[in-house]
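This is what each chain is made of:
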Amino acid sequence: MEFIKEELSNLKQKNLYRQLKTMNAAQSSRTMVNDKECILLSSNNYLGLTEHPELKAAAKEAVDLWGTGSGGSRLITGNMRLHEELEETIARFKGTEAAIVFNTGYMANMGAITALVGRGDIIFSDELNHASIIDGCRLSQAKTIIYPHKDTGVLEKLLQQNRSYRRIYIITDGVFSMDGDLAPLPRLVELAEKYNAWLMVDDAHATGVMGHRGSGTAEHFGLESRIPIQIGTLSKAIGSAGGFVAGSYDLIDYLRNKARSFIYSTALPPSEIAVALAAFRVLRTNPQIRESLHLNAHYLRSGLKKIGFTILTEESPVIPVLIGDASKAVQMAQQLLSLGVFAPGIRPPTVPPGMSRLRVAVMATHTRDDLDKALAAFSQAGKETGVM
Ligand SMILES: *Cc1c(COP(=O)(O)O)cnc(C)c1O
């Protein structure tokens, strides 16, 4: 077991060692991190729905009516009426014929990719795609070509050079998790149609966030009917847990029969499903929650730029604040935490060397006062750590 100790000390030397932080309160705009009260600027709970009274009530009611666990996989005994209702709701939300719920977004990607793609096929995958897409590609055993981030020029050349495969897939995040930028979907759709490729978009960070109804990047670009495989998660803005694939009736029927992460895992508990159903209700009836999110993102971004920080992209509520050096990013995050702001440093291997950053994410529930206090802390921490 010597290698474990060695690797751990190796990580520590390179400033890449990670430790858990303990959240001592609910995932709200202000919370307790390691016993310190702070403004939470890093949650994927973008809409603050994990604390919404309707979602909480739905969880409690579901426990009373349906119990605590589902007791089996979907295809055996775990398929409750709630699961089906949620899938119908997601299909309506996404504007597709059907949808299938997985236990996590990670499992949705793994399950869908390995069921749809195999030997003899080729995948074109954006270099900044999420780890669950990367792992799905690896497990699929298809040839995978990583194309430079959002570079549709290079992608088209690669598509031209690789036309002899059985099936061709282009897979991309909708909103990139660490950079907050959007995939160039209009061009990707054109390329997919021109080269007879299947386009798969993972909208984990866009679900509930992007588009007029919050249904994601396809809606944002007006391309709902032209993206055949749409992935999402219920664990970020939706405030519950789970993942999904939305698409044609046949696609979903196929995944129910073929996706191993769907077949061989116990169905989500009824409370989580009821919470997701309540979240979709809230999204429909309170569109102003999503508006607050985007107003807050705009306010915080403008403030950070005024102080002098470099914001890498400005397309979503994910605000990547470039620091550069990994150890500086850690110092900055520590300093912010001591000033009552939680915005974690993101380092290699999650991002390329020299591109370490603070991944700042606003929530719809932050008040102006929260954001002003956060900006003051950024200004002070920036000076104290020599970042600015
Ligand atoms: C978070 C995330 C996932 C995983 O979703 P979970 O529900 O957390 O498992 C998948 N893809 C992307 C792009 C993500 O950001």
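- Per an unreviewed UniProt entry, the protein chain goes by 8-amino-7-ketopelargonate synthase and derives from Sporotomaculum syntrophicum.

1. Brief notes about the side chain of N45
Here's step 1: Within the secondary structure, N45 is located in the loop between β2 (36-40) and α2 (53-66).
Here's step 2: Residue class for N45 comes out buried when judged on its relative accessible area of 4%.
Here's step 3: Among residues more than four places away in sequence, those in contact with N45 are Q27, T50, K236 and M363.

2. Describing the pairing of strand β3 (residues 98-102)
Here's step 1: In terms of burial, β3 is a largely internal element, five of the five residues being buried.
Here's step 2: With burial as the criterion, each face of β3 is covered, one bearing A98, I100 and F102 and the other bearing A99 and V101.
Here's step 3: Looking at chain direction, β3 and strand β9 (residues 243-247) are connected through five bridges and run antiparallel. Bridging from a neighbouring strand, V101 pairs with F244 of β9.

3. A look at the packing of helix α7 (residues 152-161) against helix α8 (residues 185-194)
Here's step 1: Two numbers describe how α7 lies on α8: the axes approach to 11 Å, and their chain directions differ by 10°. One way to sum up the angle between α7 and α8 is to call them roughly parallel. In this structure, α7 uses T152, L155, E156 and L159 to contact α8, whose residues at the interface are R187, L188, L191 and K194.
Here's step 2: Class assignment of the residues belonging to the contact of α7 with α8 gives a composition of four nonpolar, one polar and three charged.

4. Some words on the sheet that holds strand β12 (residues 341-342)
Here's step 1: Overall, mixed pairing links the three strands, which are arranged β1-β2-β12 in an open sheet. Each having just a single partner strand, β1 (30-33) and β12 make up the two edges of the open sheet.
Here's step 2: As paired elements, β1 and β2 share four bridges and run antiparallel to each other. From the neighbouring strand, M32 faces β2, where its bridge partner is E37.

Thresholds applied
Here the residue index of a chain counts from 1 through its sequence in written order. The model is predicted, so local features are restricted to residues of pLDDT at least 70 and side-chain atom pairs to those at 80 or more, both for listing and for counting; the totals for chains, interfaces and linings are taken over all residues. Here the side-chain values reflect all heavy atoms present in the structure, with hydrogen atoms and water set aside. Going along the chain from the N terminus, every DSSP run of H or I of four or more residues is numbered as a helix, and every run of E of two or more is numbered as a strand. Burial classification: accessible surface area is computed with a 1.4 Å probe over protein chains only, and a residue below 20% of its type maximum counts as buried, one above 50% as exposed, and the rest as partly exposed. In what follows, residue pairs with any heavy atoms lying within 4.5 Å of each other are defined as contacts. Criterion used throughout: strands pair if DSSP finds at least two bridges between them. The angle between two axes is taken between their N-to-C directions and runs from 0 to 180 degrees, where each axis is a line fitted to C-alpha atoms and a helix contributes only its stretch in contact. The cut-offs work like this: below 35 degrees is roughly parallel, past 145 is roughly antiparallel, 65 to 115 is roughly perpendicular, and the gaps in between are oblique. For this classification, the nonpolar set comprises Ala, Val, Leu, Ile, Met, Phe, Trp, Tyr, Cys and Pro, the charged set comprises Asp, Glu, Lys and Arg, and every other residue, Gly included, is treated as polar.

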